[in-house]
Each structure stands twice: as C-alpha cells, then as structure tokens.
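Residue strings, one per chain:
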Amino acid sequence: QVQLMESGGGEVQPGGSLRLSCTSSKNIGHLYSMAWYRQAPGKERAERELVAVFTSDSGTDYLDSVKDRFTISRDIAKNSLYLQMNSLKPEDAAVYYCQATTRRYGQLTEYWGQGTQVTVSA
C-alpha cells in the first residue's frame, strides 16, 4: 500500500507559477513509476490527463501542452515528487493528482493522492 499526499495548489494569475509536492509513504526509489495527472472542471475521472511522468527507466515525459512550462522532479531521500508549473494558463486549472505505480510479481498496481486544486484566473 502506498499513500500519497499532495500539496502546493492554490490560485494564481495567468503567467504565474506554482510548485506542487507529493509525499509518498513508501520509498519512491522502489516505485515502478510516478506521475502527475489532472482533472479539469466538468471532466470525469476517466478523463484525467497525464501531465508529467517519471517512467520505469527514470525517463520523463510530458503532455504536449505543458512542455517547456512544467518540470517534474523528485527527491528520493525525501520520498517526494514535484511539479514546477510556470507560465500558467487558464486552461491549466484543474485538480492535480499524484499517482504512483508499483510492480510486484509482474502485476502493476496504481495508487492516487487526494488531489490539490490549481486555479488560474485574472
């Protein structure tokens, strides 16, 4: 079981920045992957977008619309995942979720945090 706790959301003006944090109850160095997702207002859970991810081989990947604005990073010593968001746009407003995947005996299991709200408005 992996427990995830996000923080750092809030309200900013367009062009502003926020840094989201996610703390894991487990050693993130042992996780198969970690990612940030977002769920925009009015969207269903199944419509959550993958924003940024640390893949199983420690590579990174981003949603096209956030490339060059968002940066995913991690601190294994602190069991924490981060998302630095710069040049925020109104369309970035959403609930942002931290997600972790474990792999055991070939089976992948996903865990989710409770989400943190990001609001972008003038």
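Refer to the structure above for everything that follows.
Residues numbered from 1 in each chain as written. Predicted model: local features only at pLDDT ≥ 70, side-chain atom pairs only at ≥ 80, totals over all residues. Heavy atoms only, no water.

Chemist: Please give an account of the pairing of strand β5 (residues 49-54) that cites residues and values.
Modeler: Side chains on a regular strand alternate between the two faces of the sheet. Relative to β5, strand β4 (residues 33-39) runs antiparallel, the two being bridged by five bridges. Bridging from a neighbouring strand, Ala35 pairs with Val53 of β5. A loop of five residues connects β5 with strand β6 (residues 60-62), the two strands running antiparallel in sequence, and Ser58 in this loop sits at a positive phi of about 70°. (Pairing = 2+ DSSP bridges. Helix = DSSP H or I, 4+ residues; strand = E, 2+ residues; numbered from the N terminus.)

Chemist: With reference to specific residues and values, describe the side chain of Thr101.
Modeler: Along the polypeptide, Thr101 turns up in strand β9 (residues 94-104). Take Thr101: its relative accessible area is 7%, and that puts it in the buried class. Reaching out from Thr101, the side chain makes a polar contact with the side chain of Gln99 at a distance of 3.0 Å. Once residues lying within four places of it in the same chain are set aside, the contact partners of Thr101 are Leu31, Tyr32, Ser33, Leu108, Thr109 and Glu110. (Buried < 20%, exposed > 50% of the residue type's maximum accessible area, 1.4 Å probe, protein only. Polar contact = N/O pair within 3.5 Å; in protein donor to acceptor, adjacent residues only side chain to side chain. Contact = heavy atoms within 4.5 Å.)

Chemist: Give a description of the packing of aromatic side chains that names residues and reports values.
Modeler: Taken as a whole and judged by the stated rule, the model has two aromatic pairs. Judged by centre distance (6.4 Å) and plane angle (80°), the rings of Tyr97 and Trp112 are edge-to-face. Taken together, the residues span a long stretch of sequence, with Tyr97 in strand β9 and Trp112 in strand β10 (residues 107-112) at a distance of 15 residues. Judged by its relative accessible area of 11%, Tyr97 falls in the buried class. Here the aromatic cluster, defined as three or more aromatic residues joined through ring pairs, consists of Tyr37, Tyr97 and Trp112. In this structure, Arg19 packs its charged tip against the face of Tyr82, placed 4.0 Å from the ring centre. Note that Arg45 overlies the ring of Trp112, its terminal NZ or CZ placed 5.5 Å from the centroid. (Phe/Tyr/Trp six-rings, centres within 6.5 Å; stacked < 30°, edge-to-face > 60°. Lys NZ or Arg CZ within 6 Å of the ring centre and 35° of its normal.)

Chemist: Explain the sheet that holds strand β3 (residues 18-24) to me, using residue names and the numbers behind them.
Modeler: Judged by pairing direction, the sheet is antiparallel, and its four strands sit side by side in the order β1-β3-β8-β7 without closing on themselves. Of all strands in the sheet, those with a lone pairing partner are β1 (4-7) and β7 (70-75), marking the two edges. Averaged over neighbouring strand pairs, the angle between their axes works out to 15° when direction is ignored. Examined bridge by bridge, β7 and strand β8 (residues 80-85) share six bridges and lie antiparallel to one another. (Axes fitted to C-alpha atoms, helices over the stretch in contact; angles between N-to-C directions.)

Chemist: Can you explain the layout of surface pockets? Please cite residues and give values.
Modeler: Computed from the structure, the largest pocket encloses a volume of approximately 170 Å³. In this structure, the largest pocket is lined by Gln1, Val2, Lys26, Asn27, His30, Leu31, Thr102, Arg103, Arg104 and Tyr111. Top element by residues in the lining of the largest pocket is β9. It accounts for three residues. Across the lining of the largest pocket, the residue classes tally to three nonpolar, four polar and three charged. (1 Å grid on protein atoms, 1.4 Å probe; cavity = no way out; pocket = protein on both sides within 12 Å on 5 of 7 lines; lining within 4 Å. Points joined across faces, edges and corners; volume = space filled by probe spheres on them. Nonpolar A, V, L, I, M, F, W, Y, C, P; charged D, E, K, R; others polar.)

Chemist: Give me the nonpolar core: which residues, what numbers.
Modeler: Membership of the largest hydrophobic core comes to 28 residues, with the highest contact counts inside it found for Met34, Trp36, Leu83, Met85 and Tyr96. Those elements that place two or more of their residues in this core are β3, β4, β5, β7, β8, β9 and β11 (116-120). Of all the elements, β9 adds the most residues to this core, at four residues. Setting aside chain neighbours within four positions, we find Met85 in contact with Gly16, Ser17, Leu18, Leu20, Arg69, Phe70, Tyr96 and Val118. (Core = buried A, V, L, I, M, F, W, Y, C linked by side-chain atoms within 4.5 Å.)

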